[in-house]
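Breakdown of the fold
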Amino acid sequence: MKPDRNKITGFARDYCVAKGKKFHLKDVDPKDTGKLESNEEAKELLTEGVKLMSDMQEKLYAQGRWSLLLIFQAMDAAGKDGTIKHVMSGINPQGCQVTSFKAPSATDLVHDYFWRSNVALPERGQIGIFNRSYYEEVLVVRVHQKLLKAEKIPASLVKKKHVVEERFEDINAHERYLTRNGVVIRKFFLHVSKSEQKRRFMARLDDPSKNWKFSPSDLKERAYWDEYVDAYEEMIRKTATHHSPWYVVPADNKWFTHLVVAGAIIETLDSLGLAFPEITAEQRKTLQAARNILKK
Ligand code: ATP
Ligand code: MG
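The text that follows walks through the structure, step by step, so that each part is easy to find.

With that out of the way, let us pick up the overall build of the protein. Scanning the protein for helices and strands turns up 13 helices and 6 strands. Whereas a compact globule of 296 residues would reach a radius of gyration of roughly 19 Å, the protein reaches 21 Å, a difference of no more than 12%. Its C-alpha atoms give the protein principal-axis dimensions of about 70 × 50 × 40 Å. Per-residue burial over the protein gives 29% buried out of 296 residues. Taking all contacts inside the protein whose residues are at least 6 apart in sequence as the whole, residues at least 24 apart take part in 84%.

Structure follows, in structure tokens:
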């Protein structure tokens, strides 16, 4: 039997936060698998999901009106890279671009913080994926105050207490602006537990084929776990909106993470009423003429 499309999108709905006010991170269990017990069923659903995405992406591209921006944020080793790879496996690379945002370069630092992401926004008809994003400005920059100093914003504009609040405001305004221009934004926080992160770090140390993934800075950031949890929670509370919701995705089981993200993308594309562009009578004539020439 063909897996049910509603089943795939249903998982995503359960983890969608469109109104942040009452959100508590502790209400989402990183180990949750939405009552799905086996990896096998998830695989079937994911295969079907990837196919659905692929069909809809073709229409998104052909229509060239909307663009889709997918933002991924998470603690280290939560599985951002793997999720992006899996979920996008059926997508035409010509219609999709992934941008990873690392610590800002010297050139980035002489601009405002949206500058580097503005140039990476997806064109109409395209899917853009941000692996980390301007949300780092209310995460790592909040946890490590010295990073804010490095941004060289005039001192009179930077009052520590207000700066985070102002950034939430500006991010909301920015996302509303993009939404009004046809950029559909969906944000994913991959919620991994501290114990699972430890297990994955250990695997990176023990398995020679994973050694390259380990960075000593990951361990340094782990020491700030609680500060990050608070920062993530507040970020979701302040920036989850109806037009630009956060999905808080359980991330201790990778197969489930992939499924929830796929479900969210399918539901979003579905809501756009995508269709191939209509052919006008004039265009139909041109097609007929071309057919006649080819027939000769
Ligand atoms: P991986 O899974 O491969 O480790 P990653 O996304 O963690 O991927 P890294 O190169 O390890 O990539 O880390 C990127 C670092 O850049 C993160 O520590 C992140 O917090 C930092 N970073 C991203 N944006 C900013 C920013 N605006 N200001 C300061 N640091 C930032
Ligand atoms: Mg890292």
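Reading across from one edge, 1-6-5-2-4-3 is the order of the 6 strands in this open sheet, with mixed pairing throughout. Two strands lie at the open edges of the sheet, namely strand 1 (16–17) and strand 3 (96–100), each paired on one side alone. Strands strand 2 (67–74), strand 5 (183–191) and strand 6 (246–250) of the sheet are contacted by helix 12 (residues 254–270), whose axis makes an angle of about 155° with strand 6.

To continue, consider the site of ligand 1. Contacts to ligand 1 come from 14 residues, most closely from Phe101, Lys102, Ala103, Glu136 and Val140. Residue composition of the shell around ligand 1, by class: 6 nonpolar, 2 polar and 6 charged.

Locating Ser244 in the fold gives a position in the loop between helix 11 (225–239) and strand 6. Owing to 22 C-beta atoms within 10 Å, Ser244 belongs among the buried residues under this scheme. Residues Ser244 and Leu69, 175 residues apart in the sequence, show an inter-C-alpha distance of 9.9 Å.

Now for the packing of helix 1 (residues 5–14) against helix 12. Between helix 1 and helix 12, the shortest axis-to-axis distance is 7 Å and the interhelical angle comes to 100°. Considering their axes alone, helix 1 and helix 12 lie roughly perpendicular with respect to each other. Each of Ile8, Thr9, Phe11 and Ala12 in helix 1 lies in contact with helix 12, whose residues at this interface are Leu259, Val260, Ala262, Gly263, Ala264, Ile266 and Glu267. Considering only residue class, the contact of helix 1 with helix 12 consists of 8 nonpolar, 2 polar and 1 charged.

How each quantity is defined
- Residues numbered from 1 in each chain as written.
- Chains lettered and ligands numbered in written order.
- Predicted model: local features only at pLDDT ≥ 70, side-chain atom pairs only at ≥ 80, totals over all residues.
- Helix = DSSP H or I, 4+ residues; strand = E, 2+ residues; numbered from the N terminus.
- Rg over C-alpha atoms; globule rule 2.2 N^0.38 Å.
- Buried ≥ 20, exposed ≤ 12 C-beta atoms within 10 Å, placed from the backbone.
- Contact = placed C-beta atoms within 7 Å.
- Pairing = 2+ DSSP bridges.
- Axes fitted to C-alpha atoms, helices over the stretch in contact; angles between N-to-C directions.
- Near = placed C-beta within 6 Å.
- Nonpolar A, V, L, I, M, F, W, Y, C, P; charged D, E, K, R; others polar.
- Parallel < 35°, antiparallel > 145°, perpendicular 65-115°, else oblique.

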